[in-house]
There are 2 protein chains.
Amino acid sequence: MDEERFAHFRPIFSPKSIAVFGASDNRMKFGYRFLRALLDSPFEGGIYPINPRAADVDGLRAYPDVCSVPDPVEYAMICVPAAAVPDVIRDCAQKGVKAVQIFTAGFRETGNEAGLTLETEIVRIAREGGVRIIGPNCIGIHCPASGVPYGPMPLCGESGPVAFISQSGGHAGNIVGEGMLRGIRFSKVVSYGNGCDLDSPDFLEYFAADPETLIIGAYIEGIRDSRRFFEMARETSRTKPIILWKGGQTLPGAETAASHTGSLAAADAVWKGTMKQAGVVKVESFEELADTILAFCHLPFPAGKNVAVITGISGGGGGTSVASTDALTFAGLSVPPFTDETREALKDIVPRAGSILRNPLDLAGAHGQIGVITRAVELVMADPSIDSVILHERLETFTFPMASDNPRCLADVLLEQRGRSGKPLLVVVPYGFGEENRSDLQTTLCAGNVPVFPTIPRAARAIANLLRYVELHGDEGSN
Amino acid sequence: MDEERFAHFRPIFSPKSIAVFGASDNRMKFGYRFLRALLDSPFEGGIYPINPRAADVDGLRAYPDVCSVPDPVEYAMICVPAAAVPDVIRDCAQKGVKAVQIFTAGFRETGNEAGLTLETEIVRIAREGGVRIIGPNCIGIHCPASGVPYGPMPLCGESGPVAFISQSGGHAGNIVGEGMLRGIRFSKVVSYGNGCDLDSPDFLEYFAADPETLIIGAYIEGIRDSRRFFEMARETSRTKPIILWKGGQTLPGAETAASHTGSLAAADAVWKGTMKQAGVVKVESFEELADTILAFCHLPFPAGKNVAVITGISGGGGGTSVASTDALTFAGLSVPPFTDETREALKDIVPRAGSILRNPLDLAGAHGQIGVITRAVELVMADPSIDSVILHERLETFTFPMASDNPRCLADVLLEQRGRSGKPLLVVVPYGFGEENRSDLQTTLCAGNVPVFPTIPRAARAIANLLRYVELHGDEGSN
């Protein structure tokens, strides 16, 4: 990475010290919540509450203004009323603060003259003073490696390969939470709201160069310099997959986006074409976004669209076999027969009645015998006509030992088989009883690159999106 | 109900005594599991394990054959190998058993001559002996009012208005489990597998007449006498909504269905047209099936397609506002502006900055004040331009008191407002942290007819399906 070119991002994602403007003891206020989350996080740098009406906040010494802080301050989180923001940025410039994130709303997104003028003013003050702005109207940054939590959420997972660029603070928070539960680990996350200074193209450029980032996810409502964004995306997506959820895909949605972040609506057809040219994988909902990023994190690219489904281990997989065939077909995937060799080998181990030795494979006939199940999974994973495998089961089936004289459970079997195979293996666990155990199961399976999905249609879309990337990039993706 | 005409259904759904063929102490076998679930259930009639090689099973006296049982036996659950089924049915006829459900597979669904012959044979024996058959290749019946659990699942929820007809034992079990967690209560459930004697038209006819059934759900792969089914459906759906999930909607799915229950494939276009003519609400996945039945159970029909969304109570509802507008628009619904009166009234209570006083309504500006939130929900529910309301929040926000001096929580507010309004109110709680508390929240809210959905797109589809029913039936639906 060209360190000098991206020097301004170092104090943003790895600040040595942080001031929190508007921090107070009022627990309902975001100033309090940003400070509290920071104090609860592993961040080891200096933390300075700024509040002209408090000597201390939450037990920490407070300062009336940032210039009174005796130590250098590199970064600031701003949670003061909109009218006070210009003076805060002036102070930051004077103090030598390198960058600020502005939680405060009431700028361009209001759609009125006063908001627009105020936003123009803070950009001017910041540029003159050498201060970079993230926001306003945003939650700001999150960097597990630096120990900076996501805004007011005391969440700081493990560091990992995914950077996330978000025009919505809520969606970014949701993906961080979802990631902790399902196994998406982040290098850096940024919610940038109105993007008055640093905007999505700037973050994309940085993440493209950032060696810790291998996959880029984004939620975007509008881009001022969309040409620059998509030119960069075309270059970047060849080596780092970009998964993009466009907010405001419909005309009413675009109108809502305009009042959310002041984004201008562009016809969805234009976006679709542009994203395709840029090699970007397009998703249409939060669930598809999370599922797709999860798949890119943990799965190799499938060689083709042929999927096998294994179900019925705890009994009664016939209906799921039909439903999953429909769902995979809807997603543009195929559910081909196994080869004759696989069928013959399965016949030797699975009693015929009650089990249908076709794809989807209903393992009800294995009567929960772990040896039979292990061999069946192995045979299906090895079948040359199969490119990806989905195993569908209830939550409780995965973690209990399957035989009284054998401590191995289904999760062990899957991790072992996945370790031996270069093919994607996905697990589908429908929501139901015992949900309190889902997070542990997901952590265990994800550690061995077996991601967990809640429904077959969602797993199917994730596979289809891996193939979409291959289709967009062909052989260049393997470079 | 014409009691005489439906007399044969009484011993099926309300048997006075049940024999379990193939019950043994082998816990891996379904014979054991059917018996165990029955013993664990509130069923108060006689229970008789039939096993020629055991004097007792699970502590209960066993009989070598059903004719040795000293008391009358009305119903039988058959879990013996396929080849033994004809003799079991002969015995049942001799004993005077009124009906049997056959768990055993290996009949018509095998697609081979032997299976077909065996199925023809058991039908002949049963007809000659006056025994009705449910199955084979099925889980059978479930009736909370009679205390009969769902097959091997020791689940027996409260009795309610929904009858479910299923050609898949797995899907029927899943809807029973989903119902217990989300608030769908059943009058009667039947998994009928191959339907060699009693078939879907027979069950539909009975549920149409059954006074305890108000809503009918179905999972069907194929119908031998589809003309009879849809003629009955057309008559029935005018007063009892029918929600139907067709298994094998795609050609590959239909092929899988053929080997599951021996159902013949019919082009999806034919089904679509037939379902529309019959006034049946068509769904395309298990999730949509459950969501739609849930909506029909708990919601009045919306007057139109205008939906309001409330979000951001725990902060940051902007992104959700955009995403939900897109999702509702995708589902064919509208997200209209509030009336000027509503906007003015909202302005008086919600601080402007940070809150966008439009639909979707981002309540971040209410800073969690329960009085403001209550009044805002009330205003939105009362807005004459709004037909349905969706409230989107994280799980933990619903159940904690929102103020230290007020024990009321968001769930209380919603139940109160729903009680005052004749409009549908839906809650969306995304999956995340604290899932162990979801079931309690769903039970609480459902008791006040506020159903809970996990995503906005799924809530949107449920509303769209309520409107679909109104569209199919017009004013006759209100008769």
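All of the points below concern the structure found in this document.

About the thresholds
Residues numbered from 1 in each chain as written. Chains lettered and ligands numbered in written order. Predicted model: local features only at pLDDT ≥ 70, side-chain atom pairs only at ≥ 80, totals over all residues. Heavy atoms only, no water. Buried < 20%, exposed > 50% of the residue type's maximum accessible area, 1.4 Å probe, protein only. Helix = DSSP H or I, 4+ residues; strand = E, 2+ residues; numbered from the N terminus. Pairing = 2+ DSSP bridges. Right-handed = clockwise from strand over helix to strand, strands pointing away. Contact = heavy atoms within 4.5 Å. Buried area = accessible area lost by both parts, 1.4 Å probe. Salt bridge = Lys/Arg side-chain N within 4 Å of Asp/Glu carboxyl O. Polar contact = N/O pair within 3.5 Å; in protein donor to acceptor, adjacent residues only side chain to side chain. Nonpolar A, V, L, I, M, F, W, Y, C, P; charged D, E, K, R; others polar. Axes fitted to C-alpha atoms, helices over the stretch in contact; angles between N-to-C directions. Parallel < 35°, antiparallel > 145°, perpendicular 65-115°, else oblique.

**Considering the pairing of strand S12 (residues 242–246) of chain A**
All names here are of chain A.
1) Next: Where burial is concerned, most of S12 is hidden: 5 out of the 5 residues are buried.
2) Next: On S12, burial covers both faces: Ile242, Leu244 and Lys246 on one face and Ile243 and Trp245 on the other are all buried.
3) Next: For strand S11 (residues 215–220) and S12, the ladder comprises 5 bridges, and the chain directions are parallel. Directly across from Tyr219, in S12, lies its bridge partner Trp245.
4) Next: Handedness of the crossover joining S11 and S12 through helix H7 (residues 226–236) is recorded here as right-handed.
5) Next: Taken together, the 3 bridges between S12 and strand S13 (residues 281–283) define a ladder with parallel strand orientation. Within S13, the position partnered with Leu244 by the bridge is Lys282.

**Observations concerning helix H2 (residues 30–40) of chain A**
An α-helix turns once every 3.6 residues. As a result, residues three or four positions apart point the same way.
1) Next: Within H2 of chain A, burial applies to Phe30, Gly31, Tyr32, Phe34, Leu35, Ala37 and Leu38 of chain A.
2) Next: In this fold, the buried residues of H2 of chain A make contact with strand S1 (17–21), strand S2 (46–50), strand S3 (56–57), strand S4 (60–61), strand S5 (75–78) and strand S6 (99–102) of chain A.

**Describing the interface of chain A and chain B**
1) Next: Between chain A and chain B, the residue contacts involve 58 residues of the former and 58 residues of the latter.
2) Next: Roughly 4400 Å² of surface becomes buried between chain A and chain B when both sides are summed, with 63% attributable to carbon and sulfur atoms.
3) Next: When the buried area of chain A at its contact with chain B is split by residue, Val322, Tyr431 and Phe433 of chain A rank highest and sum to 13% of it.
4) Next: The tally of links between chain A and chain B comes to 0 salt bridges.
5) Next: Between chain A and chain B we count 10 residue pairs in polar contact (both at pLDDT 80 or more) in total.
6) Next: Secondary structure elements with two or more residues in the side of chain A that touches chain B: H2, helix H5 (169–182), S12, helix H8 (251–261) and helix H11 (318–330) of chain A.
7) Next: It is H11 of chain A that contributes the most residues to the side of chain A that touches chain B, 10 residues altogether.
8) Next: Residues that form the side of chain A that touches chain B fall into these classes: 19 nonpolar, 27 polar and 12 charged.

**Remarks on the sheet that holds strand S17 (residues 425–428) of chain B**
Residue and element names in this part refer to chain B.
1) Next: Taken in spatial order, the 5 strands of this open sheet run S15-S14-S16-S17-S18, and their pairing is parallel. Pairing within the sheet leaves two strands with one partner each, and these edge strands are strand S15 (361–362) and strand S18 (452–453).
2) Next: Both strand S16 (residues 388–392) and S17 contribute to a ladder of 4 bridges, which runs parallel. Bridge pairing in S17 places Leu391 opposite Val427.
3) Next: Docked against the sheet, helix H11 (residues 318–330) engages strand S14 (307–311), S15 and S16, running at close to 155° with respect to S14.

**Quick notes on the packing of helix H3 (residues 85–95) of chain B against helix H4 (residues 113–129) of chain B**
Residues and elements named next belong to chain B.
1) Next: Interhelical geometry of H3 versus H4 gives an angle of 5° and a closest axis separation of 9 Å. As far as their axial angle goes, H4 and H3 are roughly parallel. Of H4, the residues touching H3 (which contributes Val85, Pro86, Ile89, Arg90 and Ala93) are Leu118, Glu121, Ile122, Ile125, Ala126 and Gly129.
2) Next: Across the contact of H3 with H4, the residue classes break down as 8 nonpolar, 1 polar and 2 charged.

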